[in-house]
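Chain residues, written in single-letter form:
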Amino acid sequence: MNSRPDNRDANDPEMAELEAEFGSIMRTLREGPHDIEPVAASAGLWAKIEHDISGPHVVVGDEESSDATVVSLDSARERRWGKPAAILTAVAAAVLLVAVPVGLSLGSDGADVDDVLLASGDLDVLDAADDQSAVVELYDTDGNLWLDLDTSRAAGDGEFLELWLIEPDANGEVADLISLGFIDGSGAYDIPDDVDLERFSVVDISVEPDDGNPEHSGDSIHRGIPNSA
Amino acid sequence: MTMTVTSPKGLALETPWRIPSWTVGYIRPVPATLEERFVAGDELALREAFDEYGPLIIGLCRRLVGRDAEDVAQQAFVAAWNGRSRFDTGKGSLKSWLAGIARFKSIDHLRAINRRPQSTGAEPQDLGEMQADASRVTDRMVLTEALARLSDERRVVVELAFYGDMTHSEISDKLSMPLGTVKSHVRRGLETLRAELEVSHEQSS
């Protein structure tokens, strides 16, 4: 409807070529800029999104079945383990963390997804005067890797705690790093599919000022390399 | 300053962790883009995308579905996050990706509404037509937004060519720019816009 007269560029073969290649884009462009009015989000919208994305999700149910339901990992684990927090606390209290190389499925019907413990350990505390601990366990659930973090730490006012995976270079310096997001005490943190944990072998927790700068502040409070189970 | 991290008392020997030495005050070698951080699972990147693009995405949803705009926008952001591994950071912007997902979620929403019994006796809408409308509106938004991200010179050339309906020669005269440069800007600009459009057409799930 808004197509321009063809004769204007009739003797320009390049124009015809563009029309052939980008015709629909060019027609849409000629309709002019969009006229969509931005609408400010209402106050609670972000909280709803944050709620929906919190915690990794796993598929629970018959793997062959197409109607498997997606549930929060927390509830899935709770169903099978009882109270995982209690287990972790007991492990943490023992200080020496015993790696348990098992598929921790307690179900016998084979329908449950196995969480396989791959590695675990206490993170080192980088400030000797600091008496808080952080324990992580690395799990594989059907090929999805996630970290279970157990810590009593909470961020102070105006700051965040952020969980990172770090790739060390040959000198033990930082070659690269990936953020797994902000943490608020204990929780399960999804590791993106394409992360090579052979490379990003170090778990790190940093204190981040609320300054909008997404980079690592350099202020780490915990760090360690999980020990293979 | 380099600091060797030593294991705190009580954890040494028994701990199954290797203790590396670290430079504590390091800086990330290459700053990651919003897109890269989003794909890497940085929730702060999602928050930034929400702050930056949320109003436009909600505006798009309002145009497409009306009063349920926020619900649909919420679904779109969540789906974008959950499907982030399918987002190709090298191809286009997060904004286009979000717009495309908002379009899909809007169409889903309209389809669901259409299935419900019409208590008011209203005519059920033609789904095919609604989808085509939603696609047109979204494509136009994606292209406009992508155009704004082109370099200034390229953007002006593309705007004159399509918004201003000028021929390449006219643009060349007006900007005192060689004709070849004008043509090159138009083609490269269209290639960029096409890539953004393709990003918006990909399904998040």
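What comes next concerns the included structure. (Residues numbered from 1 in each chain as written. Chains lettered and ligands numbered in written order. Predicted model: local features only at pLDDT ≥ 70, side-chain atom pairs only at ≥ 80, totals over all residues. Heavy atoms only, no water.)

1. Regarding the sheet that holds strand β10 (residues 202–209) of chain A
Residues and elements named next belong to chain A. Ordered by their spatial adjacency, 5 strands build an open sheet running β4-β11-β10-β7-β8, and the pairing between neighbours is antiparallel. Only two strands of the sheet have a single neighbouring strand rather than two, namely β4 (124–125) and β8 (174–183). Strand direction decides the pairing type here: strand β7 (residues 159–168) and β10, joined by 8 bridges, are antiparallel. Bridge pairing in β10 links Leu-165 to Val-203. (Pairing = 2+ DSSP bridges. Helix = DSSP H or I, 4+ residues; strand = E, 2+ residues; numbered from the N terminus.)

2. Brief notes about helix α6 (residues 152–162) of chain B
Every buried residue of α6(B) is listed here: Arg154(B), Val157(B), Val158(B), Leu160(B), Ala161(B) and Phe162(B). Looking at the buried positions of α6(B), the neighbouring elements they touch are α1 (13–30) of chain A together with α5 (127–148), α7 (168–175) and α8 (179–201) of chain B. (Buried < 20%, exposed > 50% of the residue type's maximum accessible area, 1.4 Å probe, protein only. Contact = heavy atoms within 4.5 Å.)

3. Let's talk about the pattern of salt bridges
The final tally for this structure, using the stated rule, is 20 salt bridges over all chains. Arg187(B) is paired through a salt bridge with Glu17(A); the nearest N and O atoms lie 3.8 Å apart. A residue pair is termed interchain when its members come from two chains, as with Arg187(B) in helix α8 and Glu17(A) in helix α1. Owing to a relative accessible area of 23%, Arg187(B) belongs among the partly exposed residues under this scheme. Salt-bridge contacts for Glu145(B) lead to Lys95(B); the nearest nitrogen and oxygen are separated by 2.4 Å. A residue pair is termed long-range when its members are at least 10 positions apart, and Glu145(B) in helix α5 and Lys95(B) in helix α4 (residues 94–115) qualify at 50 residues. Assessed through its relative accessible area of 17%, Glu145(B) is described here as buried. Within the structure, one salt-bridge network assembled from shared partners comprises Glu17(A), Glu21(A), Arg187(B), Glu191(B) and Arg194(B). (Salt bridge = Lys/Arg side-chain N within 4 Å of Asp/Glu carboxyl O.)

4. Here we look at the packing of aromatic side chains
Applying the stated criterion across every chain yields a total of 6 aromatic pairs over all chains. Relative to Phe50(B), the ring of Trp46(A) has its centre 5.3 Å away and its plane inclined at 40 degrees; by these criteria the two rings are tilted. Placement of Trp46(A) in helix α2 (residues 45–53) and of Phe50(B) in helix α2 (residues 43–65) is noted, with the two residues assigned to different chains. The class for Trp46(A) is buried, based on a relative accessible area of 10%. Overall, the relative accessible area of 7% leaves Phe50(B) in the buried class. Ring centres of Phe50(B) and Phe77(B) lie 5.4 Å apart, and the angle between their planes is 75 degrees; this geometry places the pair in the edge-to-face category. Within this pair, whereas Phe50(B) is found in helix α2, its partner Phe77(B) is found in helix α3 (residues 69–82), the two being separated by 27 residues in sequence. A cation sits over an aromatic face here: Arg84(B) above Trp81(B), 4.1 Å from the ring centre. Sitting over the ring of Phe104(B), Arg103(B) keeps its end group 5.2 Å from the ring centre. (Phe/Tyr/Trp six-rings, centres within 6.5 Å; stacked < 30°, edge-to-face > 60°. Lys NZ or Arg CZ within 6 Å of the ring centre and 35° of its normal.)

5. Concerning the interface of chain A and chain B
Contact residues are listed per partner, giving 73 residues for chain A and 70 residues for chain B. The junction of chain A with chain B conceals about 6,700 Å² of combined surface from both sides, 62% of it contributed by carbon and sulfur atoms. At the junction of chain A with chain B, the criterion picks out 11 residue pairs in polar contact (both at pLDDT 80 or more). Ranked by residue count, the leading element in the side of chain A that touches chain B is α1(A), at 11 residues. (Buried area = accessible area lost by both parts, 1.4 Å probe. Polar contact = N/O pair within 3.5 Å; in protein donor to acceptor, adjacent residues only side chain to side chain.)

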